[in-house]
Amino acid sequence: VVAVTGGNDDGGRLVAIAQLEALQGDTPAVAELVKADDTLKLDLDLSGFTSPDGEYLEVWLLRPDVSGMVSLGPASPDGVYPLPAGVDPGEFPVVDVSFEPADGNQAHSGNSLLRGPLEFQA
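Residues numbered from 1 in each chain as written. Predicted model: local features only at pLDDT ≥ 70, side-chain atom pairs only at ≥ 80, totals over all residues. Heavy atoms only, no water.

## Things to note about the overall build of the protein chain
No. 1: Per the secondary structure count, the protein chain includes 0 helices and 8 strands.
No. 2: Its helices and strands in sequence order give the protein chain the pattern β-β-β-β-β-β-β-β, from N to C terminus.
No. 3: Taken over C-alpha atoms, the radius of gyration comes to 14 Å for the protein chain, in line with the 14 Å a tight globule of 122 residues would show.
No. 4: When its C-alpha atoms are laid out on the principal axes, the protein chain stretches across 40 × 30 × 25 Å.
No. 5: Looking at the protein chain residue by residue over its 122 residues, the buried ones come to 41%.
No. 6: A separation of at least 24 residues holds for 55% of the contacts in the protein chain among residues at least 6 apart in sequence. (Helix = DSSP H or I, 4+ residues; strand = E, 2+ residues; numbered from the N terminus. Rg over C-alpha atoms; globule rule 2.2 N^0.38 Å. Buried < 20%, exposed > 50% of the residue type's maximum accessible area, 1.4 Å probe, protein only. Contact = heavy atoms within 4.5 Å.)

## Topic: the sheet that holds strand 8 (residues 112–120)
Pairing between the strands of a sheet is mediated by backbone hydrogen bonds and can be parallel or antiparallel.
No. 1: The strand order 5-4-7-8-1-2-3-6 describes an open sheet built from 8 strands, whose pairing is antiparallel. Edge positions in the open sheet fall to strand 5 (69–74) and strand 6 (80–82), since each of these has one partner strand only. Pairs of neighbouring strands in the sheet enclose a mean axial angle of 25°, with direction left out of account.
No. 2: Sheet analysis places strand 1 (residues 13–22) next to strand 8, joined by 5 bridges and oriented antiparallel. Bridge pairing in strand 8 places Glu21 opposite Arg115. (Pairing = 2+ DSSP bridges. Axes fitted to C-alpha atoms, helices over the stretch in contact; angles between N-to-C directions.)

## Comments concerning the pairing of strand 8
No. 1: Note: strand 7 (residues 94–101) against strand 8, 5 bridges, orientation antiparallel. Considered in strand 8, the bridge of Val94 is made with Pro117.

Taken by themselves, the reported measurements are silent on function.
If you want it as structure tokens, here you go:
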């Protein structure tokens, strides 16, 4: 796997890469977990993806058995998703992008667009 990393101008270190499989449609994506200044962030460009009317894209970290998940928030124009303090990506090593209805419900809709496991770098 060749990783072309963007946004690491601040000397960030690549921690993991996730090859996200398209669960709907046929466009995969790549997410990079980067550590900079003692913080972790996920870099994921979703600018080429659209959601149906009345819905938006949201980025998540999941446990492999989907018994727990952490929202990293709605799709961001800059493609940067800081991990909340205390979230261990080793415990939530699956990146998921879902379609979410704008209904105020903060739970995962179960309607995933992309998903893939983080592959931690040595």
